[in-house]
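Understanding the architecture of this molecule
The lines below spell out each chain.
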Amino acid sequence: MIVNNGLTVSFRPQAAAVFTSRVQGVADEGGGKPEPLQDLNGRVVGSPESRYGLSTRTLQLLKQYDVRNMSGRDLYALTEILAANDEMDGETAAVIRADIENKGWKGSGAVNALDVFSKRRDDEVAGVKAGEVSPRFANYAIKGYERTQQTLEKLAALHDALQNEDDVQSATADGMSQAKDLLSLNRWARSAEQAEAKGEAPVLDRETAESISRAMRRAGMELPPASPDLEDGAWARQALQAYRTWQFRHPGDKLEIDLKPADEADKKVFKEPAKPSAEAVGEQLPQQAPAGTAKKAAEALAGQQAQYGMSLSMLQLIKGADIASLSVEQVKQYSQLLRTGGVLSEDDAESLLPLTQRGMVDPMSYYKRDLSWLADMKAKGLTPQYATAGGMADLANVEGRVRNDQQGQGVLERLQALHQALQGDDRVKTAATDSLGQAGDQAAFERWAHVEQQGARNAEAAEPEFRSQKDVDGIFRILNRLGVELTPMQGDSSASQRLGQAWKDYQNWRSSHPGEGPAVGRAPARGIDAYA
């Protein structure tokens, strides 16, 4: 059997290795143990490398580095390494590196790349919806940002999944720069040997010289400091000779990055929580509602969801959030939650992007004012313009802007109408305070619980457990409100490691609190068009 596993979203499919057929369970000619089954890339089937379709070094890096909390320099290096290994689509890698360079965040501290490229994509779509850019012109950029988002989400998912892979050691905090130096060394060594074969002097620039110097000294190679003048090729020849000497003395060895010792990695996670005693479990059990009461509650919930065609959590959100009083940032969060919950279609949610991406105030009047201005310009026979970095420019699609303004205003008004209608429905309860914030916490918790329940350990099925630190904070707020006892942390754990242990704590809590916990059921969504 030949198995071919690998990443499928914006990662370049890896070329199939030359495969020697091996029959599972058949010993070799020497009578030894049967050789392990291998996939098309020569990796042992069932190994992390085979399940995730990535090299060992890449897995080590992804276990340490999280694209949701990563410097621009490290992300730049990661995309270069993945593209060089044929593990990421070159065009997607180029989009990420170009953005890092052109937008000036290569020297930044830790950033959330998911948020960065989500905003890039939404800005482009907002330009189309506002009639500033034609859809045909913007389509290439939008598709590129969408592929980039998918790639980064998959990298985040792999980081989360790898926290539970004991067979994969984590790179150290300096692992990305080490891997980048090794990539520079391997590239330069090949080009230097090719140049030498042609009778040309091996040359290199200052940045490459510094990079390969670090890699070679880490390996213990004897190499003088790079000379101020690299153009004559003398130092390059010395470096090439030192590299060949190391290869001669270490036949079959490969230069590798530093890895965290297993005992050090253990210090970064929570200790296994103590299991509650039988007595404690008995004391913590809640009073069970009579069967008749539970049945009535279930019937009432089913009636609410059937009437409105929405889950209870969405009804609670709409009842508790008056869109007329929300800030623009809150409108954006609100529309995202409604889109995820199936209340808003993708097109309806995107009709609000001109409002949410431009930071305007008074959401309920935004589109009304714009429609009035467009009508006034038409009456005067003038072409509407908008401000750009280079000055004022004509709108590319005035009719498209009018249509989107009308659609966006309709979405806002239908949401407000449903909010008002729900005020008279006592069956739908709302949070005492901050219903929008609590709805965001609930959505983050449900997504996290879904991913943990799936427990995916391969590239295709892996999903990110969270999108931002805000999600992480929300998940822990839910756990705290439930009264889940979280195991104290040792060392500096990552968000993924903390959530991994929190899931174990939550499972222990559920075993002693059957029937309790946030509701996760969803009704078939009918959307707000029913309330137009």
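Residues numbered from 1 in each chain as written. Predicted model: local features only at pLDDT ≥ 70, side-chain atom pairs only at ≥ 80, totals over all residues. Heavy atoms only, no water.

1. Focus on the overall build of the chain
To keep things clear, this is the line we draw: Helical segments are the DSSP runs of H or I of at least four residues, strand segments are the runs of E of at least two, and each set is numbered from the N terminus. Residues are treated as being in contact if the distance between any of their heavy atoms lies within 4.5 Å. Per-residue and other accessible areas were derived by the Shrake-Rupley procedure at a 1.4 Å probe size, with only the shown protein chains allowed to occlude residues.
In terms of helices and strands, the chain carries 21 helices and four strands. Of the contacts formed within the chain by residues at least 6 apart in sequence, a portion of 74% connects residues at least 24 apart. Accessible surface, the chain as shown: approximately 27,300 Å² in total, 49% of it carbon and sulfur.

2. Some words on the packing of helix 13 (residues 312-320) against helix 14 (residues 328-340)
Rules: Angles shown run from 0 to 180 degrees and are taken between the N-to-C directions of axes, each axis being a line fitted to C-alpha atoms and, for helices, limited to the stretch in contact. An angle below 35 degrees is treated as roughly parallel, one above 145 as roughly antiparallel, one from 65 to 115 as roughly perpendicular, and anything else as oblique. Crossings are classed by handedness, with left-handed meaning an anticlockwise turn of the near helix from the far one by less than a right angle and right-handed meaning a clockwise turn. Under the convention adopted here, Pro, Cys and the residues Ala, Val, Leu, Ile, Met, Phe, Trp and Tyr are nonpolar, Asp, Glu, Lys and Arg are charged, and Gly plus all remaining residues are polar.
Where helix 13 meets helix 14, the axes come as close as 10 Å, and the angle between the chain directions of the two elements is 155 degrees. In terms of axis orientation, helix 13 runs roughly antiparallel to helix 14. Taken as a pair, helix 13 and helix 14 cross one another with a handedness that is left-handed. Facing helix 13, whose interface residues are Met314, Leu317 and Ile318, helix 14 presents Tyr334, Leu337 and Leu338. Residue composition of the contact of helix 13 with helix 14, grouped by class: six nonpolar, no polar and no charged.

3. Thoughts on the pattern of salt bridges
If charged atoms from side chains of opposite charge come close, those side chains can pair. Note the cut-off: Any carboxyl oxygen of Asp or Glu that lies within 4 Å of a side-chain nitrogen of Lys or Arg is treated as forming a salt bridge with it. Burial classes: relative accessible area under 20% of the type maximum marks a residue as buried, over 50% as exposed, and values in between as partly exposed (1.4 Å probe, protein chains only).
Applying the stated rule across the entire model yields 27 salt bridges. Salt-bridge contacts for Arg187 lead to Glu80; the nearest nitrogen and oxygen are separated by 3.0 Å. Pair noted here: Arg187 is in helix 7 (residues 175-197) and Glu80 is in helix 3 (residues 72-84), with a separation of 107 residues, a long-range link. Of the charged contacts in the structure, one is a salt bridge between Arg121 and Glu146, with a shortest N-O distance of 3.1 Å. Of the two residues, Arg121 sits in helix 5 (residues 113-129) while Glu146 sits in helix 6 (residues 135-162), which places them 25 residues apart along the sequence. Residue Glu146 is classed as partly exposed on the basis of its relative accessible area, which comes to 22%. One network of salt bridges, in which partners are shared, links Arg121, Asp122, Lys143, Glu146, Glu346 and Glu350.

4. Looking at the pairing of strand 3 (residues 385-388)
Our working rule: Only strands joined by at least two bridges in the DSSP assignment are considered to pair.
Sheet topology note: the strand 3/strand 4 (residues 391-394) ladder contains four bridges and is antiparallel. For Gln385, the partnering residue across the bridge sits in strand 4 and is Asp394. Between strand 3 and strand 4, which pair antiparallel and follow one another directly, the connecting turn spans two residues.

5. Examining helix 14
The line we're drawing: By this rule the span expected of a helix is its residue count minus one, scaled by 1.5 Å.
Over its 13 residues, helix 14 runs 19 Å from end to end, which matches the ideal 18 Å to within 8%, given 1.5 Å per residue. Buried within helix 14 we find Val328, Val331, Lys332, Gln333, Tyr334, Ser335, Leu337 and Leu338. Gly342 occupies a position one or two residues after helix 14 and carries a positive phi of about 85 degrees.

6. As for the environment of Val328
Mapped onto the elements of the fold, Val328 is located in helix 14. On the basis of relative accessible area, Val328 is assigned to the buried category, the value being 10%. As for Val328 and Gly359, which are separated by 31 residues in sequence, their C-alpha atoms are 6.0 Å apart. Sequence-distant contacts of Val328, that is, excluding residues within four places in its chain, are made with Leu355, Thr356, Gly359, Met360 and Val361.

7. As for the packing of helix 19 (residues 435-454) against helix 20 (residues 469-482)
Helix 20 packs onto helix 19 with a crossing angle of 95 degrees between their chain directions and a minimal axis gap of 8 Å. With respect to each other, helix 19 and helix 20 are oriented roughly perpendicular. Within the contact between the two elements, helix 19 uses Gln438, Asp441, Gln442, Ala444, Phe445, Arg447 and Trp448 and helix 20 uses Asp471, Gly474, Ile475, Arg477, Ile478, Leu479 and Arg481. Of the residues in the contact of helix 19 with helix 20, the class split is six nonpolar, three polar and five charged.

8. Remarks on helix 21 (residues 495-512)
An ideal rise of 1.5 Å per residue puts 26 Å on 18 residues; helix 21 measures up with 26 Å between its terminal C-alpha atoms. Those residues of helix 21 that sit buried are Ala495, Ser496, Gln497, Leu499, Gln501, Ala502, Trp503, Asp505, Tyr506, Asn508, Trp509 and Ser512.

9. Section: the nonpolar core
For clarity, the cut-off: Here, the term nonpolar core denotes a set of buried Ala, Val, Leu, Ile, Met, Phe, Trp, Tyr and Cys residues that are joined through side-chain atoms within 4.5 Å.
In terms of nonpolar packing, the biggest core is built from 59 residues, with Val67, Leu75, Leu152 and Trp188 touching the most fellow members. When residues of this core are traced back to their parent elements, those giving at least two are helix 2 (56-64), helix 3, helix 4 (90-102), helix 5, helix 6, helix 7, helix 8 (206-218) and helix 9 (234-249). With near-sequence residues (within four places) excluded, Trp188 lies in contact with Val203, Leu204, Thr208, Ile212, Ala236, Ala239 and Leu240. Residues Tyr334, Leu355, Leu412 and Val428 belong to the second largest nonpolar core, which totals 31 residues.

10. Some words on the packing of aromatic side chains
Note the threshold: Think of it this way: a Phe, Tyr or Trp ring, Trp meaning its six-membered ring, pairs with another when their centres are within 6.5 Å, and the plane angle makes it stacked under 30 degrees, edge-to-face over 60, tilted otherwise. Two thresholds decide whether a charge sits over a ring: the Lys NZ or Arg CZ must be within 6 Å of the ring centre and within 35 degrees of the ring normal.
Applying the stated criterion across every chain yields a total of nine aromatic pairs. Plain terms: the ring middles of Phe445 and Trp448 are 5.5 Å apart, the flat faces sit at 65 degrees to each other, and that makes the pair edge-to-face. Here Trp448 and Phe445 lie together in helix 19, a separation of three residues that amounts to about one turn. Here Phe445 and Trp448 have matching classes, each one buried. Ring-pair connections join several aromatic residues into one group, and the members of that group are Phe445, Trp448, Trp503, Tyr506 and Trp509. Sitting over the face of the ring of Phe466, Arg68 holds its NZ or CZ atom 3.7 Å from the ring centroid.

11. So, the side chain of Ser47
The cut-off we apply is this: Any pair of nitrogen or oxygen atoms within 3.5 Å is treated as a polar contact; in protein, a donor-acceptor pairing is required on top of that, and neighbouring residues in sequence qualify only through side-chain atoms on both sides.
On the secondary structure map, Ser47 appears in the segment before helix 1 (48-52). In terms of polar contacts, Ser47 uses its side chain to reach the backbone carbonyl oxygen of Val44, at 2.7 Å.

12. Details of the environment of Ser227
Checked against the element boundaries, Ser227 lands in the loop between helix 8 and helix 9. Given a relative accessible area of 22%, Ser227 falls into the partly exposed group. For Ser227 and Ala209, which are 18 residues apart along the polypeptide, the C-alpha to C-alpha distance reads 9.5 Å. The residues touching Ser227, leaving out its near neighbours within four places in the chain, are Arg206 and Trp235.

13. Describing unusual backbone geometry
A positive phi angle, near 65 degrees, is found at Asp86, a position not held by glycine. One can find Asp86 in the loop between helix 3 and helix 4. Overall, Asp86 belongs to the partly exposed group, its relative accessible area being 26%.

14. Concerning the environment of Leu355
Within the element layout of this structure, Leu355 appears in helix 16 (residues 353-357). On the accessibility criterion, Leu355 (0% relative accessible area) is buried. Taking C-alpha positions, Leu355 is 8.8 Å from Gly408, a pair spaced 53 residues apart along the chain. Once residues lying within four places of it in the same chain are set aside, the contact partners of Leu355 are Val328, Val331, Met360, Pro363, Tyr366 and Tyr367.

15. Examining the confidence of the model for the chain
The following threshold applies: Note: pLDDT gives the predictor's confidence per residue, expressed from 0 to 100.
For the chain, the average pLDDT comes to 85, and 82% of its residues sit at 70 or higher. Within the model, pLDDT remains below 50 along residues 1-9, and this stretch shows 29 contacts once partners closer than five positions in the same chain are excluded. Counting contacts from residues 13-25, a segment whose pLDDT is below 50, to residues more than four positions away or on other chains yields 24 contacts.

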